[in-house]
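Now for the letters of each chain:
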Amino acid sequence: MADFKFIENGSTTSVPGFRAAGVTAGFKRSGAPDFALLVSDTPANFAGVFTSCTFAAAPVRLCRERVKNGGKLRAVAVNSGNANACTGKPGLDNARLTCCMAAERLGIQPDEVAVGSTGRIGVQMPMDTIEKGLDLAVAALSCDGGNDAARAIMTTDTVPKAVALELELDGKTVTIGAMTKGAGMIDPKLVGLHATMLCFITTDADVENATLQAMLENNAENSFNRITVDGDMSTNDTVIIMANGKSQVKIAPGSDNEKIFKAALLEVMQNLARKMVTDGEGTTKVVTVEVVNAKSEKDARIAAEAVANSLLCKTAWFGNDPNWGRVVAALGYSGASFDPDKCNIYYDGIPVVLDGGDAGTPEEELAALVKKDFTIRCDFREGSSDYWVWSSDISYEYVKINADYHT
């Protein structure tokens, strides 16, 4: 397997042939940047995965069409401050109009533009603000603009999230860059064609749409679909990847290049997924919940997700409370099939439950394990299936943020 080299201050525009900008259009009363534009200088292959929420926002519905119809993509326009969700036909018309306005300014076709939105639900998009954002962003496009774009798509995030890495294939350098946002309303269930997390990925590899789609769907299952901040799925969750082929390195299905590239792409997606949990609204703890040796992956998954989303567990973690009773309760009501008398639970490798009962580890020793970053491992000892989730605690600050956030 190839070594992956992360690029310092890397972003979507670390990839040759991509430009980006992040500007202030006026969606946010704070005056912070709130509109981003990402452009490929040449037509790019692309793929996407989206929220499985029935109330999918207009940008999601439009982007699903783009993926279904195939072809090429040249640009993505993203606004922060208005989700364009639950806005009916006018909202979808405005998403299409955004594509037309962007295409006119960039000299490309409307169906070569995708859109993304995040912010308040149920408010029609102010198209004069979109127009202003496009004018400013087109003028500001830069091959160094990736980090500005990452800042412009933030909502309650405290820091922009961007990354890029390089790998060697066929004696040439291939680059993958990405940006994401998301701090609350985070429990994605991303599917193909079916506060919000948004992610936009760029690469100069030469990859066909179908190959990109398969890799993206598989990697989403092992990255963004493994995180939770508050157990709430958004109407707008979107991940789009664009591949412009500028490196001239072909990623053919079933090839060694595909295996290596897919692993590098997963590295990028997991890096950003973990950053989202770390920057979750009010987060003070990042907790890896592992369920191992379960009868089936389904049993492992529903058990791990029950613990990761338990409010009682999450508030205990915030209070530095090693209360494993809340963990066993969540496992028990999860619906997973397992024998509780065989279950062992460990906090960072220290036993807290053995054979379904108290392991006898002193409470003061356990309390020291509930730290900024720790792992809860639940061993069912009944099979060979495993599952993990990255979760966070729930703090006073989380409640304050969401009590004060007007919709």
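The preceding data block contains the structure.
The rules behind the values
Residues numbered from 1 in each chain as written. Predicted model: local features only at pLDDT ≥ 70, side-chain atom pairs only at ≥ 80, totals over all residues. Heavy atoms only, no water. Helix = DSSP H or I, 4+ residues; strand = E, 2+ residues; numbered from the N terminus. Rg over C-alpha atoms; globule rule 2.2 N^0.38 Å. Buried < 20%, exposed > 50% of the residue type's maximum accessible area, 1.4 Å probe, protein only. Areas by Shrake-Rupley, 256 points an atom, 1.4 Å probe, with all protein chains shown as cover. Lys, Arg positive; Asp, Glu negative; His and termini not counted. Charge placed at Lys NZ, Arg CZ, Asp CG, Glu CD. Expected span 1.5 Å × (residues − 1). Contact = heavy atoms within 4.5 Å. Salt bridge = Lys/Arg side-chain N within 4 Å of Asp/Glu carboxyl O. Polar contact = N/O pair within 3.5 Å; in protein donor to acceptor, adjacent residues only side chain to side chain. Disulfide = S-S within 2.5 Å. Pairing = 2+ DSSP bridges. Axes fitted to C-alpha atoms, helices over the stretch in contact; angles between N-to-C directions.

Another aspect to go through is the overall build of the chain. When helices and strands are tallied, the chain shows 11 helices and 15 strands. By the compact-globule yardstick of 22 Å for 407 residues, the chain fits well, its C-alpha radius of gyration being 22 Å. Oriented by its inertia axes, the alpha-carbon framework of the chain measures out at about 70 × 50 × 35 Å. Split into buried and exposed, the 407 residues of the chain put 56% on the buried side. When the accessible surface of the chain is split by element, carbon and sulfur atoms take 50% of a total near 16000 Å². Counting 39 positive and 52 negative side-chain charges, the chain places the centres of these two groups 5 Å from one another.

Taking 1.5 Å of rise per residue, 13 residues should cover 18 Å, and helix α7 (residues 297-309) covers 18 Å from first to last C-alpha, within 8% of that figure. Turning to α7, its buried residues number three or more, namely Asp299, Ala300, Ile302, Ala303, Ala304, Glu305, Ala306, Val307 and Ala308. For α7, the elements touching its buried residues are β10 (286-294), α8 (311-318), α9 (324-333) and β15 (385-392).

Proximity of charged atoms lets side chains of opposite charge pair with each other. Enumeration over the complete set of coordinates arrives at 14 salt bridges. The partner of Glu290 in a salt bridge is Arg377, and the shortest N-O contact between them spans 2.9 Å. Remark: Arg377 occurs in strand β14 (residues 373-379) and Glu290 occurs in strand β10; sequence separation between them is 87 residues. With a relative accessible area of 22%, Glu290 lands in the partly exposed category. Classification of Arg377 by relative accessible area gives partly exposed; the value is 36%. Here the residues in one salt-bridge network are Arg105, Glu131 and Asp135, joined through shared partners.

Inspection of the secondary structure assignment puts Lys28 in the loop between β2 (18-23) and β3 (35-50). Of the side chains with opposite charge, Asp34 lies nearest to the buried Lys28, which makes no salt bridge, at 6.3 Å. Among the polar contacts made by the side chain of Lys28, one reaches the main-chain carbonyl oxygen of Met154 at a distance of 2.6 Å. Not counting residues within four places of it along the chain, the set of residues in contact with Lys28 comprises Pro33, Asp34, Ser80, Ala152 and Met154.

This part takes up the state of the cysteines. Evaluated as defined, the whole model comprises 0 disulfides. Of all cysteine sulfurs, the one in Cys378 lies closest to Cys343, which takes part in no disulfide; the gap is 5.9 Å.

Strand order in the open sheet made by the 6 strands is β13-β12-β11-β14-β10-β15, with mixed pairing throughout. Edge positions in the sheet fall to β13 (357-358) and β15, since each has one partner strand and no second. In terms of strand pairing, strand β11 (residues 344-347) meets β14 through 4 bridges, oriented antiparallel. By the bridge assignment, Tyr347 is partnered in β14 with Ile376. The sheet strands contacting helix α6 (residues 256-278) are β10, β14 and β15, and the helix crosses β15 at an angle near 45°. Relative to β11, α9 is tilted by about 135°, and along the sheet it contacts β10, β11, β12 (350-354), β13 and β14.

Looking now at the environment of Ser310. One can find Ser310 in the loop between α7 and α8. Owing to a relative accessible area of 6%, Ser310 belongs among the buried residues under this scheme. It is 19 Å that separates the C-alpha atoms of Ser310 and Leu369, two residues lying 59 residues apart in sequence. Here Ser310 is in contact with Ala330 and Tyr333, once residues within four sequence places are set aside. At 3.3 Å, the side chain of Ser310 forms a polar contact with the backbone nitrogen of Leu312.

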